[in-house]
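One letter stands for each residue in the lines below.
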Amino acid sequence: MKINWGTGLVIGMILFIGFILFMVITMSTDEKYSYDLVTEEYYKKELAYQEEIDAEENLSDFSEKITGTKVANGWQISFPEEIETSKVEGTVFLYRPSNKQLDFDLPIELSGSNLLIPDERLLDGRWNITIDWKYDSKKYLYKASISY
């Protein structure tokens, strides 16, 4: 049996279309290729973005910046010395880009002007820290990426 060039072209196109359909179906149904959104309810978060910008700009009210360092017990976040720790309220959110199940929130409980995130809560690798806090009825927001 001899196949002419027209029949070979049609067979080649059918095989190519079949391969593409196979890949599309495999990628859309296999759990191994399932990727969640980075942020849940991202439309709602987008609407509040200007408030985040203003809260980040409010950090310039202080003479010192918030800093974070790795210590033996975990990750230590140092707030500016000029704030009264009793007036600070808020949360620290740690986001792990590689695994959604490792994300967690902590309430801000300062000892002096420092906050310690315990070592047992953090795995080695990249973390995004968001500190959302209120001081004297003014909102502040600090964001940073760390490698623990």
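Residues numbered from 1 in each chain as written. Predicted model: local features only at pLDDT ≥ 70, side-chain atom pairs only at ≥ 80, totals over all residues. Heavy atoms only, no water.

Novice: Describe the sheet that holds strand β2 (residues 74–78), and please don't skip the residues or the numbers.
Specialist: With respect to topology, three strands assemble into an open sheet ordered β1-β2-β5, the strand pairing being antiparallel. A single partner strand is all that each edge strand has here, and the edge strands are β1 (67–71) and β5 (114–118). If you compare each strand with its neighbour and ignore which way they point, the axes differ by 25 degrees on average. (Pairing = 2+ DSSP bridges. Helix = DSSP H or I, 4+ residues; strand = E, 2+ residues; numbered from the N terminus. Axes fitted to C-alpha atoms, helices over the stretch in contact; angles between N-to-C directions.)

Novice: Residues and numbers for the pattern of salt bridges, please.
Specialist: Under the counting rule described, the total for this entry stands at four salt bridges. In this structure, aspartate 61 and lysine 138 form a salt bridge, with 2.6 Å as the shortest nitrogen-oxygen distance. With aspartate 61 in the loop between α3 (49–57) and β1 and lysine 138 in strand β7 (residues 138–147), this pair connects stretches of sequence that are 77 residues apart. Residue aspartate 61 is classed as partly exposed on the basis of its relative accessible area of 39%. (Salt bridge = Lys/Arg side-chain N within 4 Å of Asp/Glu carboxyl O. Buried < 20%, exposed > 50% of the residue type's maximum accessible area, 1.4 Å probe, protein only.)

Novice: Can you explain the side chain of asparagine 128? Please cite residues and give values.
Specialist: Summarising the element assignment, asparagine 128 is placed in strand β6 (residues 126–135). By relative accessible area, asparagine 128 is classed as buried at 17%. Separated by 2.9 Å, the side chains of asparagine 128 and serine 145 make a polar contact. (Polar contact = N/O pair within 3.5 Å; in protein donor to acceptor, adjacent residues only side chain to side chain.)

Novice: Which residues make up the confidence of the model for the protein chain, and what are the values?
Specialist: For the protein chain, per-residue confidence averages 85 on the pLDDT scale, and residues scoring 70 or more make up 95% of the total. Mean pLDDT in the protein chain bottoms out at helix α2 (residues 42–47), which sits at 76, and peaks at helix α1 (residues 5–29), which reaches 93. (pLDDT = per-residue confidence, 0-100.)

Novice: Describe a negative patch on the surface, listing the residues and the values that go with them.
Specialist: Taken together, Glu51, Asp54, Glu56 and Glu57 make up a surface patch of like negative charges. Within the secondary structure, glutamate 51 is located in helix α3. (Patch = residues over 30% accessible without salt bridge, like charges linked within 9 Å, V, L, I, M, F, W, Y side chains within 5 Å. Areas by Shrake-Rupley, 256 points an atom, 1.4 Å probe, with all protein chains shown as cover. Lys, Arg positive; Asp, Glu negative; His and termini not counted. Charge placed at Lys NZ, Arg CZ, Asp CG, Glu CD.)

Novice: Kindly report on the side chain of serine 78, identifying the contributing residues and their values.
Specialist: Position of serine 78 among the secondary structure elements: in strand β2. A distance of 2.9 Å separates polar atoms of two side chains, one belonging to serine 78 and the other to asparagine 114. Those residues in contact with serine 78 that sit more than four places away from it in its chain are Lys65, Ile66, Thr67, Ser113 and Asn114. (Contact = heavy atoms within 4.5 Å.)

Novice: Any chance you could break down the nonpolar core for me, citing the residues and the numbers?
Specialist: In this structure, Ile77, Phe79, Val92, Ile117, Ile131 and Trp133 are the most contacted members of the largest nonpolar core, which totals 26 residues. Going through the elements one at a time, β2, β3 (88–95), β4 (104–107), β5, β6 and β7 are the ones with two or more residues in this core. By residue number, the principal contributor to this core is β6, which donates five residues. (Core = buried A, V, L, I, M, F, W, Y, C linked by side-chain atoms within 4.5 Å.)

Novice: Would you mind going over the sheet that holds β7 in detail, with residue names and values included?
Specialist: The strand order β4-β3-β6-β7 describes an open sheet built from four strands, whose pairing is antiparallel. Whereas interior strands pair on both sides, the edge strands pair on one side only; in this sheet they are β4 and β7. Neighbour to neighbour, the strand axes of the sheet diverge by 15 degrees on average, direction disregarded. Sheet analysis places β3 next to β6, joined by eight bridges and oriented antiparallel. Along β6, the bridge assignment pairs valine 92 with isoleucine 131.

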